[in-house]
Amino acid sequence: MKIIEKEIENVLKETAIKLYKTEDFVMPLVQVTTNEKFGDFQTNFAMVNAKNMKKSPVSIANEIKDQIIENNIIEKMEIAGPGFLNIFLQKEYLANKIKNINLGKKYIFDFINTDGDVIIDYSSPNIAKRMHIGHLRSTVIGDSIKRIMKYIGYNVIADNHIGDWGTQFGKLIVGYRKWLNRENYINNPIDELERIYVEFSKFSENDETLEEEARFELKKLHDNDIENTKLWEEFIKLSLEEYDKIYKKLDITFDTYFGESYYHKMMPKIIELLKDKKLAVESEGAQVVFFDEKDKLPPCIVQKKDGAFLYATSDIACIKFRNENYNLNKVIYVTDERQQDHFKQFFKITELLDWKIEKEHIWFGIMRFKDDVFSTRKGNVIRLEELLDEAKSRAKKIVEEKNPNLSEEEKDHIAEVVGTGAVKYADLSQNRMSPVIFEWDKILSFEGNTAPYLQYTYARIQSILRKADELNIIVNGDDNIILETDIEKSLSVQIMLLPNIVIKASESYRPNILADYIFELAKKFNTFYNALPILKENENIMKSRLQIIEATAKVIKESLDLLGIKTVERM
Ligand code: ARG
């Protein structure tokens, strides 16, 4: 199925070619109007091209309006202001599109170059540490970007770049042998590993030999010592099992789990290369890349005095590996804002090496909690599992109130979908660059720009469709879609904006554009629902309206899915 804006644009373009015998004009996007009185879409084609064509905008607009090529899309046009063209669409055309949506037809994005692989590097927690709220945001935002890009047709590879190679392992191995509480370790491995890590820091304040011991164990690990390697593998396995529980709850999957350690063997060569190219130079025993003053970047250490490699070194090795082993379209990294300098430094180094790789650091602001339970924890380290459980139990209370007659099992399922959806939506509906304040009452509200509001709108439509079914009202593809009122028309147009919104969200890596769209769609549906009867109407209108709301529900579900949010059939 073609995208509505593209089809309209095409009619304008063909008309202009016929009129002016040239293809040399700027094609501005057609935009949906903010007020139905001014038509369905609007374009400033005449204004942007006036200078080039040496004509006044109003005369261009008039010529296009009067000599529009034959088509079955545009009904009429009007000129507004200094040369805007207001475009009114044919009702038949819109009706047909709604039918196609109900038939499950997919949009075609063949004008976008989706060649090659897109690697999205997100979530990426550090082994033996609990995922913090930054990892939640990276996980949820990365997953949504993945869904959005897949929808357009990119081949996306989701890579969890876990932090499984760092100085923490020396300390953990020492702590494990000295202070491990086996029972805790079995029941809650990450908790226990975090505890022994803290113990280590505490004891090493008064005991210098501990640090030495940790360095020694780390060195042994790096030299493939059997015992230490076994422990390291165990820490990874147990940590991943814990993370997987959260991923499962969040309905998140990855294609690969290459952690930092995967690139370790490749790092000595990176240092050689950087030295060869005179990019890395020795400074106080370490290998350091200094940048040009105009880059305004702090120097980047790539190898420490003791020979250890750093975070930047692993990312340089990693992107080289990706470039050599995939047919890269681009690499996208999703982390919090505090890593901006790291990515600028390492991106700059790849440019200095003349590696032509498309890459993007997608960063986001920090999320904070207004509610006491979570804000009291130090450093914003919260238990994500606890957060999701809390969301579910709060959602459950609401479901109990609204729908006490449902079975316990169904209530539980709804609470899970609504709770998790609310948490994800609270994150995704915000501009990712601004800080997010997390407030339970707000995110779980059934009113306003929240997941429960959108999910409820979907469920409400399903309940109308069920009722129609019970009344034996059977709608089929031959039944007309009438679009009598402005309200119906405006809802129908909104339904069709999805693909263009997805493109915008993908180009700017901003799922919140999609969230705004779904919110607008739900509001338009609710206006429709409050103003226009459905099942009480005569058969023709009823069947027409049933088709419109069915398409609305389909699009709500499809777009919530792009945010990784599920729907339920009743709430
Ligand atoms: N493990 C890192 C952290 O928790 C995030 C890794 C992001 N990805 C990357 N290729 N650097 O902060």
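Note that the structure is a prediction, hence the values are computed from the model and not measured.

Topic: the site of the ligand
Piece 1. Around the ligand lies a shell formed by D121, S124, N126, H135, H161, Y311, D315, Y333, T335, Q339 and F343.
Piece 2. One nitrogen or oxygen atom from the side chain of H135 is found 2.8 Å from an oxygen atom belonging to the ligand.
Piece 3. Coverage of the ligand by the protein amounts to 91% of the 350 Å² it exposes when considered alone.
Piece 4. Of all the secondary structure elements, the ones that give two or more residues to the shell around the ligand are α12 (311-325) and β10 (328-336).
Piece 5. Among the residues making up the shell around the ligand, the classes are represented as three nonpolar, six polar and two charged.

Here's the deal with the state of the cysteines
Piece 1. By the definition in use, this model includes zero disulfides.
Piece 2. We note that C300 lacks a disulfide partner, and the nearest cysteine sulfur, in C318, lies 15 Å from it.

Details of the side chain of K171
Piece 1. For K171, the position within the fold is in helix α6 (residues 168-179).
Piece 2. No salt bridge is formed by the buried K171; the nearest opposite charge belongs to E211, separated by 4.6 Å.
Piece 3. Excluding residues that lie within four positions of it along the chain, K171 makes contacts with Y197, F200, E211 and A214.

A closer look at the nonpolar core
Piece 1. Residues I8, L89 and F235 are the most contacted members of the largest nonpolar core, which totals 155 residues.
Piece 2. Discounting chain neighbours no more than four positions away, the residues touching F235 are I127, F169, L172, I173, Y176, Y185 and L193.
Piece 3. Counting 30 residues, the second largest nonpolar core, distinct from the first, contains I270, A280, F291 and F343.

Some points on the packing of helix α2 (residues 45-53) against helix α3 (residues 57-66)
What describes two packed helices is the angle between their axes and the distance between those same axes.
Piece 1. Running from N to C, α2 and α3 point in directions that differ by 115°, and their axes come no closer than 8 Å. Seen along the crossing, α2 lies across α3 with a hand that is right-handed. Where α2 approaches α3, its residues F45, A46, M47, N49, A50 and M53 are matched on the opposing element by P57, I60, A61 and I64.
Piece 2. A breakdown of the residues in the contact of α2 with α3 according to their chemical character gives nine nonpolar, one polar and no charged.

Here's the deal with the sheet that holds β10
Piece 1. Taken together, four strands build an open sheet; the order of strands is β6-β5-β10-β11 and the sheet is parallel. Strands at the two margins of the open sheet, each flanked by one partner only, are β6 (155-159) and β11 (359-364). Taken pair by pair, the neighbouring strands of this sheet meet at an average axis angle of 20°, ignoring direction.
Piece 2. The strands that helix α13 (residues 340-352) touches are β10 and β11; relative to β11, the one it contacts most, it runs at about 175°.

Details of the confidence of the model for the protein chain
Piece 1. Chain-level pLDDT for the protein chain is 94 on average; 98% of the residues reach the 70-or-more range.
Piece 2. Predicted confidence for residues 373-380 stays below pLDDT 50, and this span has 16 contacts to residues more than four positions away or in other chains.

Concerning the packing of aromatic side chains
Piece 1. Within the structure shown, the criterion is met by 26 aromatic pairs.
Piece 2. With a centroid separation of 4.3 Å and an interplanar angle of 25°, the aromatic rings of F258 and Y262 are classed as stacked.
Piece 3. On the basis of relative accessibility, which here comes to 21%, the residue F258 falls in the partly exposed class.
Piece 4. A relative accessible area of 32% means that Y262 is categorised as partly exposed.
Piece 5. Connected via pairs of aromatic rings, a cluster forms that spans Y122, Y247, F254 and Y257.
Piece 6. Taking the ring centre of F111 as reference, the NZ or CZ of K6 above it sits at 4.4 Å.
Piece 7. Above the plane of the ring of Y197 lies K129, whose end atom (NZ or CZ) is 5.5 Å from the centre.

Points about the sheet that holds strand β8 (residues 286-289)
Pairing between sheet strands relies on hydrogen bonds along the backbone, with the strands arranged either parallel or antiparallel.
Piece 1. Spatially, β7-β8-β9 is the arrangement adopted by the three strands of the open sheet, whose pairing is antiparallel. Edge positions in the sheet fall to β7 (280-283) and β9 (300-303), since each of these pairs with one other strand and no more. Between one strand and the next, the sheet's axes are offset by a mean angle of 45°, whatever the strand orientation.
Piece 2. In terms of strand pairing, β8 meets β9 through three bridges, oriented antiparallel. Its bridge partner being in β9, V289 is matched across the sheet by C300.

Observations concerning the packing of helix α4 (residues 91-102) against helix α22 (residues 539-562)
Piece 1. Relative to each other, α4 and α22 sit at 55°, their axes nearing to 9 Å. When the axes of α4 and α22 are compared, the pair comes out oblique. In terms of crossing hand, the pair formed by α4 and α22 is left-handed. Facing α4, whose interface residues are I98, K99, I101 and N102, α22 presents Q547, I548, E550, A551, K554 and V555.
Piece 2. Tallied by class, the residues present in the contact of α4 with α22 amount to five nonpolar, two polar and three charged.

Examining the environment of H361
Piece 1. Its place among the elements puts H361 in strand β11.
Piece 2. Separated by 124 residues in the primary sequence, H361 and K237 place their C-alpha atoms 29 Å from one another.
Piece 3. Contact partners of H361, with chain neighbours within four places excluded, come to Y333, T335, D336, Q339, Q340, F343 and F347.
Piece 4. A polar side-chain atom of H361 sits 2.8 Å from a polar atom in the side chain of T335.

What about the side chain of R432?
Piece 1. In this structure, R432 sits in the loop between α16 (408-428) and β13 (436-438).
Piece 2. One buried charged side chain, R432, makes no salt bridge at all; its nearest oppositely charged neighbour is E360, positioned 7.3 Å away.
Piece 3. Polar side-chain contacts of R432 include one of 3.1 Å to the backbone oxygen of S508.
Piece 4. Apart from the residues within four sequence positions on either side, R432 is in contact with R137, I141, I362, W363, F364, G365, S508, Y509 and R510.

The rules behind the values
Residues numbered from 1 in each chain as written. Predicted model: local features only at pLDDT ≥ 70, side-chain atom pairs only at ≥ 80, totals over all residues. Heavy atoms only, no water. Near = heavy atom within 4 Å. Polar contact = N/O pair within 3.5 Å; in protein donor to acceptor, adjacent residues only side chain to side chain. Areas by Shrake-Rupley, 256 points an atom, 1.4 Å probe, with all protein chains shown as cover. Helix = DSSP H or I, 4+ residues; strand = E, 2+ residues; numbered from the N terminus. Nonpolar A, V, L, I, M, F, W, Y, C, P; charged D, E, K, R; others polar. Disulfide = S-S within 2.5 Å. Buried < 20%, exposed > 50% of the residue type's maximum accessible area, 1.4 Å probe, protein only. Lys, Arg positive; Asp, Glu negative; His and termini not counted. Salt bridge = Lys/Arg side-chain N within 4 Å of Asp/Glu carboxyl O. Contact = heavy atoms within 4.5 Å. Core = buried A, V, L, I, M, F, W, Y, C linked by side-chain atoms within 4.5 Å. Axes fitted to C-alpha atoms, helices over the stretch in contact; angles between N-to-C directions. Left-handed = near helix turned anticlockwise from the far one by under 90°. Pairing = 2+ DSSP bridges. pLDDT = per-residue confidence, 0-100. Phe/Tyr/Trp six-rings, centres within 6.5 Å; stacked < 30°, edge-to-face > 60°. Lys NZ or Arg CZ within 6 Å of the ring centre and 35° of its normal. Parallel < 35°, antiparallel > 145°, perpendicular 65-115°, else oblique.

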